[in-house]
Amino acid sequence: MQTIALLNKLIGSNKELPIESRLFNGISLFSSLAMLILCLSIFIYGNNNLALGLLTSSLIFASSYYLSFKRGNTLYSQLVFVLSVSFTAYLSFSYFKGISSPGFYGLIIGFFVAQLCAPNQRWKLIYYLFFTLLGVYFIFLKSEEITALHFIYFIGYLLFTAVLYFGLSLLMAGYRSMADKASAEGEELKHSNKLIQEQLQEMRALNEQKDRLFSIIGHDLRNPLNAIEGFMSVLEQDEISPDTQKELQKELLKLTRGSRTLLDNLLEWSRREDKAYTIEGVSIKEIADRVNDTMESLAKAKKISIHILVNNQDPKVLADKQVLELTLRNLISNAIKFSPQNGWVKLRSYEFQDSIHIEIEDNGLGMEKRQLERLFTKGREITKGTANEKGVGLGLLLCQEFIQKMKGEIIVRSALNKGSCFTIILPKENQ
(Lines give C-alpha, C1' and ligand atoms only; values in the text may rest on other atoms or scores of the structure.)
Protein backbone atom coordinates (compact mmCIF):
# COMPACT_ATOMS: atom_id res chain seq x y z
CA MET A 1 0.00 0.00 0.00
CA GLN A 2 2.89 2.38 0.79
CA THR A 3 4.47 1.65 -2.61
CA ILE A 4 1.19 2.40 -4.41
CA ALA A 5 0.76 5.60 -2.39
CA LEU A 6 4.31 6.71 -3.29
CA LEU A 7 3.74 5.85 -6.95
CA ASN A 8 0.49 7.82 -7.02
CA LYS A 9 2.30 10.74 -5.43
CA LEU A 10 5.07 10.67 -8.07
CA ILE A 11 3.06 10.07 -11.26
CA GLY A 12 -0.59 10.73 -10.29
CA SER A 13 -3.45 8.46 -9.29
CA ASN A 14 -6.04 6.73 -11.45
CA LYS A 15 -8.70 9.13 -10.21
CA GLU A 16 -6.71 12.22 -11.20
CA LEU A 17 -5.09 11.27 -14.52
CA PRO A 18 -5.70 8.89 -17.46
CA ILE A 19 -3.36 5.95 -17.92
CA GLU A 20 -1.47 7.60 -20.85
CA SER A 21 -0.52 10.59 -18.68
CA ARG A 22 0.55 8.41 -15.76
CA LEU A 23 2.64 6.24 -18.09
CA PHE A 24 4.30 9.27 -19.64
CA ASN A 25 5.02 10.79 -16.20
CA GLY A 26 6.59 7.55 -15.03
CA ILE A 27 8.79 7.11 -18.16
CA SER A 28 9.91 10.77 -18.04
CA LEU A 29 10.85 10.50 -14.37
CA PHE A 30 12.59 7.14 -14.84
CA SER A 31 14.49 8.43 -17.91
CA SER A 32 15.67 11.49 -15.98
CA LEU A 33 16.94 9.32 -13.09
CA ALA A 34 18.52 6.80 -15.51
CA MET A 35 20.41 9.55 -17.36
CA LEU A 36 21.55 11.01 -14.04
CA ILE A 37 22.90 7.63 -12.83
CA LEU A 38 24.58 7.06 -16.21
CA CYS A 39 26.05 10.58 -16.03
CA LEU A 40 27.61 9.89 -12.61
CA SER A 41 28.97 6.53 -13.80
CA ILE A 42 30.64 8.04 -16.89
CA PHE A 43 31.95 10.98 -14.85
CA ILE A 44 33.65 8.53 -12.50
CA TYR A 45 34.97 6.66 -15.56
CA GLY A 46 36.56 9.94 -16.65
CA ASN A 47 34.63 11.04 -19.74
CA ASN A 48 33.62 14.51 -18.59
CA ASN A 49 32.21 15.71 -21.94
CA LEU A 50 29.82 12.74 -22.32
CA ALA A 51 28.86 13.01 -18.62
CA LEU A 52 28.00 16.68 -19.12
CA GLY A 53 25.89 15.80 -22.17
CA LEU A 54 24.03 13.09 -20.24
CA LEU A 55 23.45 15.53 -17.37
CA THR A 56 21.86 17.89 -19.89
CA SER A 57 19.72 15.01 -21.18
CA SER A 58 18.66 14.19 -17.59
CA LEU A 59 17.61 17.80 -17.03
CA ILE A 60 15.59 17.84 -20.27
CA PHE A 61 13.79 14.62 -19.25
CA ALA A 62 13.13 16.21 -15.84
CA SER A 63 11.66 19.27 -17.60
CA SER A 64 9.36 16.96 -19.57
CA TYR A 65 8.22 15.36 -16.29
CA TYR A 66 7.66 18.77 -14.68
CA LEU A 67 5.61 20.11 -17.61
CA SER A 68 3.45 16.98 -17.70
CA PHE A 69 2.91 16.20 -14.02
CA LYS A 70 3.15 19.57 -12.31
CA ARG A 71 1.85 21.88 -15.04
CA GLY A 72 -0.46 19.52 -16.92
CA ASN A 73 0.87 20.71 -20.31
CA THR A 74 0.66 17.46 -22.28
CA LEU A 75 1.78 18.61 -25.74
CA TYR A 76 4.78 20.70 -24.64
CA SER A 77 5.96 17.98 -22.26
CA GLN A 78 5.88 15.44 -25.12
CA LEU A 79 7.79 17.77 -27.43
CA VAL A 80 10.44 18.25 -24.73
CA PHE A 81 10.56 14.44 -24.25
CA VAL A 82 11.09 13.88 -28.00
CA LEU A 83 13.82 16.55 -27.93
CA SER A 84 15.52 14.78 -25.03
CA VAL A 85 15.35 11.41 -26.83
CA SER A 86 16.85 13.00 -29.96
CA PHE A 87 19.62 14.67 -27.99
CA THR A 88 20.47 11.46 -26.10
CA ALA A 89 20.53 9.48 -29.36
CA TYR A 90 22.84 12.12 -30.85
CA LEU A 91 25.24 11.74 -27.91
CA SER A 92 25.18 7.96 -28.23
CA PHE A 93 25.77 7.89 -32.00
CA SER A 94 28.52 10.51 -31.70
CA TYR A 95 30.32 8.59 -28.94
CA PHE A 96 30.01 5.04 -30.30
CA LYS A 97 30.25 6.04 -34.01
CA GLY A 98 28.14 3.33 -35.62
CA ILE A 99 24.78 1.71 -36.01
CA SER A 100 25.50 -0.59 -33.06
CA SER A 101 25.09 2.44 -30.80
CA PRO A 102 22.64 2.08 -27.87
CA GLY A 103 21.07 5.28 -29.17
CA PHE A 104 19.47 3.24 -31.94
CA TYR A 105 17.40 1.34 -29.37
CA GLY A 106 16.74 4.59 -27.53
CA LEU A 107 15.15 5.93 -30.71
CA ILE A 108 12.80 2.94 -30.86
CA ILE A 109 11.85 3.34 -27.17
CA GLY A 110 11.32 7.08 -27.67
CA PHE A 111 9.15 6.40 -30.70
CA PHE A 112 7.10 3.87 -28.72
CA VAL A 113 6.49 6.35 -25.88
CA ALA A 114 5.63 9.20 -28.25
CA GLN A 115 3.14 7.03 -30.14
CA LEU A 116 1.59 5.68 -26.95
CA CYS A 117 1.04 9.09 -25.35
CA ALA A 118 0.34 11.26 -28.43
CA PRO A 119 -2.74 13.46 -27.85
CA ASN A 120 -4.34 12.61 -31.21
CA GLN A 121 -3.82 10.80 -34.55
CA ARG A 122 -2.27 13.82 -36.24
CA TRP A 123 0.53 13.99 -33.68
CA LYS A 124 1.07 10.24 -34.02
CA LEU A 125 1.76 10.80 -37.72
CA ILE A 126 4.04 13.79 -36.98
CA TYR A 127 6.05 11.74 -34.50
CA TYR A 128 6.24 8.86 -37.00
CA LEU A 129 7.67 11.11 -39.73
CA PHE A 130 10.04 12.83 -37.28
CA PHE A 131 11.52 9.57 -35.96
CA THR A 132 11.79 8.22 -39.52
CA LEU A 133 13.90 11.26 -40.45
CA LEU A 134 15.95 10.79 -37.28
CA GLY A 135 16.61 7.21 -38.34
CA VAL A 136 17.77 8.38 -41.76
CA TYR A 137 20.03 10.96 -40.14
CA PHE A 138 21.67 8.67 -37.57
CA ILE A 139 21.92 5.53 -39.74
CA PHE A 140 23.17 7.19 -42.92
CA LEU A 141 24.32 10.76 -42.33
CA LYS A 142 26.12 10.14 -39.03
CA SER A 143 27.93 7.09 -40.34
CA GLU A 144 31.38 7.48 -41.86
CA GLU A 145 30.64 4.82 -44.47
CA ILE A 146 27.41 3.21 -45.68
CA THR A 147 27.22 -0.58 -46.08
CA ALA A 148 24.50 -3.11 -46.79
CA LEU A 149 24.14 -3.53 -43.03
CA HIS A 150 23.04 0.10 -42.77
CA PHE A 151 20.19 -0.55 -45.24
CA ILE A 152 19.19 -3.69 -43.36
CA TYR A 153 19.12 -1.71 -40.10
CA PHE A 154 17.13 1.08 -41.73
CA ILE A 155 14.55 -1.27 -43.30
CA GLY A 156 14.20 -3.06 -39.97
CA TYR A 157 13.81 0.28 -38.23
CA LEU A 158 11.12 1.35 -40.72
CA LEU A 159 9.24 -1.94 -40.40
CA PHE A 160 9.45 -1.93 -36.61
CA THR A 161 8.24 1.67 -36.31
CA ALA A 162 5.47 1.00 -38.85
CA VAL A 163 4.25 -1.99 -36.86
CA LEU A 164 4.35 0.10 -33.68
CA TYR A 165 2.56 2.99 -35.40
CA PHE A 166 -0.37 0.96 -36.72
CA GLY A 167 -0.47 -1.49 -33.82
CA LEU A 168 -0.53 1.21 -31.16
CA SER A 169 -3.07 3.24 -33.18
CA LEU A 170 -5.45 0.28 -33.19
CA LEU A 171 -4.69 -0.56 -29.56
CA MET A 172 -5.25 2.99 -28.30
CA ALA A 173 -8.37 3.40 -30.44
CA GLY A 174 -9.79 0.25 -28.85
CA TYR A 175 -8.74 1.41 -25.40
CA ARG A 176 -10.29 4.85 -25.86
CA SER A 177 -13.49 3.26 -27.16
CA MET A 178 -13.67 1.08 -24.07
CA ALA A 179 -12.78 4.04 -21.86
CA ASP A 180 -15.51 6.17 -23.46
CA LYS A 181 -18.00 3.36 -23.05
CA ALA A 182 -16.98 2.89 -19.41
CA SER A 183 -17.22 6.66 -18.88
CA ALA A 184 -20.70 6.76 -20.45
CA GLU A 185 -21.80 3.83 -18.27
CA GLY A 186 -20.30 5.59 -15.26
CA GLU A 187 -22.23 8.78 -16.06
CA GLU A 188 -25.40 6.76 -16.52
CA LEU A 189 -24.75 5.06 -13.19
CA LYS A 190 -24.20 8.46 -11.53
CA HIS A 191 -27.45 9.70 -13.06
CA SER A 192 -29.30 6.60 -11.84
CA ASN A 193 -27.76 7.01 -8.39
CA LYS A 194 -28.82 10.66 -8.35
CA LEU A 195 -32.38 9.66 -9.25
CA ILE A 196 -32.36 7.01 -6.53
CA GLN A 197 -31.13 9.57 -3.99
CA GLU A 198 -33.82 12.05 -5.06
CA GLN A 199 -36.49 9.34 -4.79
CA LEU A 200 -35.11 8.34 -1.38
CA GLN A 201 -35.30 11.94 -0.17
CA GLU A 202 -38.81 12.24 -1.54
CA MET A 203 -39.83 9.04 0.24
CA ARG A 204 -38.29 10.30 3.47
CA ALA A 205 -40.16 13.59 3.09
CA LEU A 206 -43.42 11.76 2.42
CA ASN A 207 -42.83 9.46 5.38
CA GLU A 208 -42.05 12.46 7.57
CA GLN A 209 -45.20 14.18 6.40
CA LYS A 210 -47.20 10.99 7.01
CA ASP A 211 -45.90 10.77 10.58
CA ARG A 212 -46.79 14.39 11.25
CA LEU A 213 -50.18 13.95 9.62
CA PHE A 214 -51.03 10.94 11.78
CA SER A 215 -49.88 12.80 14.90
CA ILE A 216 -52.30 15.62 14.14
CA ILE A 217 -55.08 13.26 13.09
CA GLY A 218 -54.67 11.34 16.33
CA HIS A 219 -54.99 14.59 18.21
CA ASP A 220 -58.10 15.55 16.22
CA LEU A 221 -59.76 12.18 16.79
CA ARG A 222 -58.98 12.17 20.48
CA ASN A 223 -61.10 15.28 21.12
CA PRO A 224 -64.43 13.92 19.81
CA LEU A 225 -63.72 10.50 21.34
CA ASN A 226 -63.12 12.10 24.74
CA ALA A 227 -66.37 14.03 24.36
CA ILE A 228 -68.25 10.86 23.38
CA GLU A 229 -66.82 9.11 26.42
CA GLY A 230 -67.95 11.98 28.63
CA PHE A 231 -71.48 11.95 27.20
CA MET A 232 -71.69 8.18 27.61
CA SER A 233 -70.67 8.52 31.25
CA VAL A 234 -73.47 11.04 31.81
CA LEU A 235 -75.97 8.79 30.05
CA GLU A 236 -75.12 5.97 32.50
CA GLN A 237 -76.51 8.04 35.33
CA ASP A 238 -80.07 7.13 36.27
CA GLU A 239 -81.15 10.58 37.47
CA ILE A 240 -80.87 12.46 34.15
CA SER A 241 -84.15 13.68 32.63
CA PRO A 242 -85.52 12.45 29.28
CA ASP A 243 -84.93 15.90 27.75
CA THR A 244 -81.29 15.90 28.84
CA GLN A 245 -80.92 12.36 27.59
CA LYS A 246 -82.36 13.34 24.19
CA GLU A 247 -80.01 16.35 24.00
CA LEU A 248 -77.01 14.18 24.85
CA GLN A 249 -78.01 11.64 22.24
CA LYS A 250 -78.27 14.43 19.69
CA GLU A 251 -74.76 15.61 20.56
CA LEU A 252 -73.45 12.05 20.41
CA LEU A 253 -74.94 11.58 16.96
CA LYS A 254 -73.36 14.83 15.77
CA LEU A 255 -69.97 13.85 17.18
CA THR A 256 -70.17 10.39 15.66
CA ARG A 257 -71.08 11.76 12.25
CA GLY A 258 -68.25 14.31 12.46
CA SER A 259 -65.75 11.58 13.36
CA ARG A 260 -67.10 9.38 10.57
CA THR A 261 -66.66 12.23 8.08
CA LEU A 262 -63.11 12.77 9.31
CA LEU A 263 -62.26 9.09 8.87
CA ASP A 264 -63.90 8.97 5.42
CA ASN A 265 -61.78 11.91 4.33
CA LEU A 266 -58.63 10.23 5.61
CA LEU A 267 -59.47 6.99 3.83
CA GLU A 268 -60.09 8.89 0.59
CA TRP A 269 -56.75 10.64 1.01
CA SER A 270 -54.90 7.38 1.70
CA ARG A 271 -56.42 5.68 -1.36
CA ARG A 272 -54.96 8.23 -3.75
CA GLU A 273 -52.23 6.40 -5.61
CA ASP A 274 -50.20 9.50 -6.56
CA LYS A 275 -51.06 11.47 -3.41
CA ALA A 276 -51.55 14.46 -5.71
CA TYR A 277 -53.76 17.33 -4.60
CA THR A 278 -57.18 17.54 -6.26
CA ILE A 279 -57.55 21.27 -6.81
CA GLU A 280 -61.14 22.32 -7.45
CA GLY A 281 -63.68 24.94 -6.53
CA VAL A 282 -64.52 24.44 -2.84
CA SER A 283 -67.30 26.06 -0.82
CA ILE A 284 -65.83 27.61 2.32
CA LYS A 285 -69.21 27.44 4.03
CA GLU A 286 -69.49 23.68 3.44
CA ILE A 287 -66.00 23.00 4.83
CA ALA A 288 -66.48 25.40 7.76
CA ASP A 289 -69.75 23.72 8.82
CA ARG A 290 -68.13 20.29 8.84
CA VAL A 291 -65.23 21.59 10.91
CA ASN A 292 -67.65 23.28 13.29
CA ASP A 293 -69.54 20.01 13.82
CA THR A 294 -66.27 18.29 14.74
CA MET A 295 -64.98 21.08 16.98
CA GLU A 296 -68.26 22.12 18.66
CA SER A 297 -68.06 19.70 21.58
CA LEU A 298 -64.46 20.70 22.27
CA ALA A 299 -65.47 24.36 22.26
CA LYS A 300 -68.48 23.76 24.53
CA ALA A 301 -66.27 22.02 27.08
CA LYS A 302 -64.40 25.33 27.48
CA LYS A 303 -67.55 27.45 26.96
CA ILE A 304 -66.08 28.92 23.82
CA SER A 305 -68.37 30.03 21.01
CA ILE A 306 -67.47 29.38 17.37
CA HIS A 307 -68.85 31.91 14.87
CA ILE A 308 -68.93 30.84 11.21
CA LEU A 309 -69.30 34.17 9.39
CA VAL A 310 -69.50 32.85 5.83
CA ASN A 311 -72.46 31.84 3.70
CA ASN A 312 -73.21 29.67 0.69
CA GLN A 313 -73.23 32.64 -1.69
CA ASP A 314 -69.58 33.47 -1.03
CA PRO A 315 -67.17 32.76 -3.95
CA LYS A 316 -65.48 29.36 -4.01
CA VAL A 317 -61.79 28.94 -3.35
CA LEU A 318 -59.42 26.77 -5.42
CA ALA A 319 -58.14 24.08 -3.05
CA ASP A 320 -58.08 20.41 -2.17
CA LYS A 321 -61.25 19.80 -0.14
CA GLN A 322 -59.75 17.32 2.35
CA VAL A 323 -56.56 19.30 2.84
CA LEU A 324 -58.39 22.58 3.40
CA GLU A 325 -60.69 20.92 5.94
CA LEU A 326 -57.71 19.44 7.78
CA THR A 327 -56.00 22.86 7.84
CA LEU A 328 -59.09 24.73 9.12
CA ARG A 329 -59.71 22.06 11.73
CA ASN A 330 -56.14 22.42 12.98
CA LEU A 331 -56.28 26.20 13.15
CA ILE A 332 -59.66 26.24 14.95
CA SER A 333 -58.44 23.52 17.32
CA ASN A 334 -55.43 25.70 18.17
CA ALA A 335 -57.64 28.74 18.62
CA ILE A 336 -59.82 26.82 21.11
CA LYS A 337 -56.73 25.47 22.84
CA PHE A 338 -55.27 28.93 23.51
CA SER A 339 -58.55 30.71 24.28
CA PRO A 340 -59.88 31.13 27.86
CA GLN A 341 -63.30 30.04 29.03
CA ASN A 342 -66.16 32.13 27.63
CA GLY A 343 -63.92 33.14 24.75
CA TRP A 344 -64.75 33.12 21.04
CA VAL A 345 -63.37 31.94 17.72
CA LYS A 346 -64.44 33.53 14.42
CA LEU A 347 -64.08 32.16 10.91
CA ARG A 348 -64.75 34.62 8.09
CA SER A 349 -63.68 35.18 4.50
CA TYR A 350 -62.94 38.19 2.30
CA GLU A 351 -63.04 38.30 -1.47
CA PHE A 352 -60.28 40.00 -3.47
CA GLN A 353 -59.69 40.27 -7.21
CA ASP A 354 -57.79 36.98 -7.63
CA SER A 355 -57.83 35.47 -4.15
CA ILE A 356 -59.88 34.61 -1.09
CA HIS A 357 -58.67 35.38 2.44
CA ILE A 358 -59.96 33.00 5.13
CA GLU A 359 -59.44 34.31 8.67
CA ILE A 360 -59.51 32.32 11.91
CA GLU A 361 -59.42 34.79 14.79
CA ASP A 362 -59.57 34.28 18.56
CA ASN A 363 -59.37 36.39 21.72
CA GLY A 364 -56.94 34.03 23.42
CA LEU A 365 -53.43 34.24 24.82
CA GLY A 366 -51.81 35.71 21.71
CA MET A 367 -48.08 35.66 21.03
CA GLU A 368 -45.10 37.92 21.45
CA LYS A 369 -42.76 38.81 18.59
CA ARG A 370 -40.20 36.07 19.35
CA GLN A 371 -42.90 33.39 19.27
CA LEU A 372 -44.24 34.69 15.96
CA GLU A 373 -40.80 34.51 14.36
CA ARG A 374 -40.41 30.82 15.29
CA LEU A 375 -44.04 29.83 14.73
CA PHE A 376 -43.48 27.80 11.54
CA THR A 377 -40.23 26.11 12.55
CA LYS A 378 -39.56 22.59 13.78
CA GLY A 379 -37.51 23.67 16.77
CA ARG A 380 -40.12 25.95 18.30
CA GLU A 381 -41.14 25.47 21.92
CA ILE A 382 -44.44 23.61 22.41
CA THR A 383 -46.73 25.50 24.79
CA LYS A 384 -49.76 24.20 26.68
CA GLY A 385 -53.26 25.58 26.22
CA THR A 386 -55.34 27.55 28.70
CA ALA A 387 -56.63 24.26 30.16
CA ASN A 388 -53.19 22.62 30.06
CA GLU A 389 -53.98 20.93 26.74
CA LYS A 390 -51.00 19.22 25.15
CA GLY A 391 -50.04 19.47 21.47
CA VAL A 392 -47.75 17.65 19.07
CA GLY A 393 -46.10 20.85 17.85
CA LEU A 394 -46.40 19.91 14.18
CA GLY A 395 -49.84 21.22 13.19
CA LEU A 396 -48.89 24.71 12.06
CA LEU A 397 -45.84 23.53 10.14
CA LEU A 398 -47.90 20.95 8.28
CA CYS A 399 -50.68 23.47 7.63
CA GLN A 400 -48.17 25.82 6.09
CA GLU A 401 -46.85 23.05 3.83
CA PHE A 402 -50.38 22.11 2.77
CA ILE A 403 -51.33 25.68 1.89
CA GLN A 404 -48.09 26.31 0.01
CA LYS A 405 -48.66 23.19 -2.10
CA MET A 406 -52.08 24.61 -3.02
CA LYS A 407 -50.29 27.79 -4.22
CA GLY A 408 -51.35 29.78 -1.19
CA GLU A 409 -49.83 31.19 1.98
CA ILE A 410 -50.56 31.67 5.67
CA ILE A 411 -49.92 34.96 7.43
CA VAL A 412 -50.31 35.61 11.16
CA ARG A 413 -50.86 38.64 13.28
CA SER A 414 -50.96 38.42 17.05
CA ALA A 415 -50.51 40.43 20.21
CA LEU A 416 -49.75 39.06 23.65
CA ASN A 417 -52.96 38.60 25.71
CA LYS A 418 -55.04 40.04 22.87
CA GLY A 419 -55.51 36.99 20.64
CA SER A 420 -54.31 35.84 17.26
CA CYS A 421 -55.56 35.89 13.68
CA PHE A 422 -54.41 33.34 11.08
CA THR A 423 -55.16 34.30 7.48
CA ILE A 424 -55.14 31.69 4.70
CA ILE A 425 -54.75 33.20 1.22
CA LEU A 426 -55.79 30.95 -1.66
CA PRO A 427 -56.64 31.51 -5.35
CA LYS A 428 -60.26 32.28 -6.16
CA GLU A 429 -62.22 30.09 -8.53
CA ASN A 430 -62.96 31.87 -11.81
CA GLN A 431 -66.71 32.10 -12.25
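Residues numbered from 1 in each chain as written. Predicted model: local features only at pLDDT ≥ 70, side-chain atom pairs only at ≥ 80, totals over all residues. Heavy atoms only, no water.

1. Quick notes on the overall build of the protein
Part 1: Check the secondary structure of the protein and you find 12 helices and seven strands.
Part 2: Burial status across the protein gives 42% buried among its 431 residues.
Part 3: Counting only contacts in the protein whose residues sit at least 6 apart along the sequence, the fraction spanning at least 24 positions is 70%.
Part 4: When the accessible surface of the protein is totalled, it reaches about 25200 Å², and 59% of it is carbon and sulfur. (Helix = DSSP H or I, 4+ residues; strand = E, 2+ residues; numbered from the N terminus. Buried < 20%, exposed > 50% of the residue type's maximum accessible area, 1.4 Å probe, protein only. Contact = heavy atoms within 4.5 Å. Areas by Shrake-Rupley, 256 points an atom, 1.4 Å probe, with all protein chains shown as cover.)

2. Some words on the layout of surface pockets
The rolling of a water-molecule-sized probe over the atoms marks out the regions of remaining empty space.
Part 1: The volume enclosed by the second largest pocket comes to roughly 520 Å³.
Part 2: Around the second largest pocket sit 26 residues that line it, and M35, L38, T88, P102 and G106 are the ones nearest its centre.
Part 3: Put simply, the parts of the chain that give the lining of the second largest pocket at least two residues each are α2 (19-45), α3 (48-70), α4 (74-96) and α5 (102-117).
Part 4: Of the residues contributing to the lining of the second largest pocket, the split by class is 20 nonpolar, six polar and no charged. (1 Å grid on protein atoms, 1.4 Å probe; cavity = no way out; pocket = protein on both sides within 12 Å on 5 of 7 lines; lining within 4 Å. Points joined across faces, edges and corners; volume = space filled by probe spheres on them. Nonpolar A, V, L, I, M, F, W, Y, C, P; charged D, E, K, R; others polar.)

3. Quick notes on a nonpolar patch on the surface
Part 1: Residues L33, L36, L40, L52, L55 and L59 make up a contiguous nonpolar surface patch of roughly 540 Å² in combined accessible area.
Part 2: Of all elements in the fold, only α2 and α3 reach the threshold of two or more residues within the nonpolar patch. (Patch = residues over 30% accessible without salt bridge, like charges linked within 9 Å, V, L, I, M, F, W, Y side chains within 5 Å. Salt bridge = Lys/Arg side-chain N within 4 Å of Asp/Glu carboxyl O.)

4. Digging into unusual backbone geometry
If a residue is not glycine, its phi is most likely negative; likewise, a peptide bond is most likely trans.
Part 1: One non-glycine residue with positive phi stands out, namely K407, at about 65°.
Part 2: Examined against the element boundaries, K407 turns out to sit in the loop between α12 (395-405) and β6 (409-415).

5. Description of helix α6 (residues 121-141)
Part 1: Taking 1.5 Å per residue as the helical rise, α6 with its 21 residues ought to reach 30 Å, and the 29 Å between its terminal C-alpha atoms agrees with that figure.
Part 2: Among all positions of α6, only W123, K124, Y127, Y128, F131, T132, L134, G135, F138, I139 and F140 are buried. (Expected span 1.5 Å × (residues − 1).)

6. Considerations on the nonpolar core
Part 1: Core analysis: the largest hydrophobic core is formed by 41 residues, its most contacted members being L328, I336, L347, I358, I360 and I424.
Part 2: Where this core is concerned, the elements lending two or more residues are α9 (284-301), β2 (305-309), β3 (317-319), α10 (321-337), β4 (344-351), β5 (355-362), α12 and β7 (419-427).
Part 3: Ranked by residues supplied to this core, first place goes to α10 with eight residues.
Part 4: A89, V113, F131 and A162 belong to the second-largest nonpolar core, a separate cluster that totals 34 residues. (Core = buried A, V, L, I, M, F, W, Y, C linked by side-chain atoms within 4.5 Å.)

7. Digging into the pairing of β6
Part 1: Of the pairings in the sheet, the one linking β6 to β7 comprises seven bridges and is antiparallel in character. Directly across from A415, in β7, lies its bridge partner G419.
Part 2: Connecting β6 to the antiparallel partner β7 that follows it, the hairpin turn spans three residues, and N417 within it adopts a positive phi of roughly 65°. (Pairing = 2+ DSSP bridges.)

8. Details of the pairing of β2
Part 1: Alternating residues of β2 divide into I306 and I308, all buried, and S305, H307 and L309, none buried.
Part 2: By the bridge criterion, five bridges tie β2 to β4 in an arrangement that is parallel. Within the sheet, the bridge partner assigned to S305 lies in β4 and is W344.

9. Structural notes on the pattern of salt bridges
Note on pairing: side chains with opposite charge can pair once their charged atoms come close.
Part 1: For the structure shown, the criterion picks out 10 salt bridges.
Part 2: With a closest N to O distance of 3.8 Å, R413 and E359 form a salt bridge. Of this pair, R413 sits in strand β6 while E359 sits in strand β5, and the two are 54 residues apart along the sequence.
Part 3: Taking relative accessible area as the criterion, R413 reaches 46% and is therefore assigned partly exposed.
Part 4: One network of salt bridges, in which partners are shared, links E286, R290, E325 and R329.

10. Points about the packing of aromatic side chains
The way to describe two aromatic rings as a pair is by their centre distance and the angle between their planes.
Part 1: Taken as a whole and judged by the stated rule, the model has three aromatic pairs.
Part 2: Pairing F61 with F81 gives two aromatic rings, centres 5.4 Å apart and planes at 65°, and the pair type is edge-to-face. With F61 in helix α3 and F81 in helix α4, the pair connects residues that are 20 residues apart, well separated along the chain. Like F61, the residue F81 is buried in the burial classification.
Part 3: A ring pair is formed by F130 and F131, whose centres lie 5.7 Å apart and whose planes are at 90°; its orientation type is edge-to-face.
Part 4: The class for F130 is partly exposed, based on a relative accessible area of 34%.
Part 5: Among the residues examined, F131 registers a relative accessible area of 0% and is labelled buried.
Part 6: The side chain of K346 reaches across the aromatic face of W344, ending 4.4 Å from its centre. (Phe/Tyr/Trp six-rings, centres within 6.5 Å; stacked < 30°, edge-to-face > 60°. Lys NZ or Arg CZ within 6 Å of the ring centre and 35° of its normal.)

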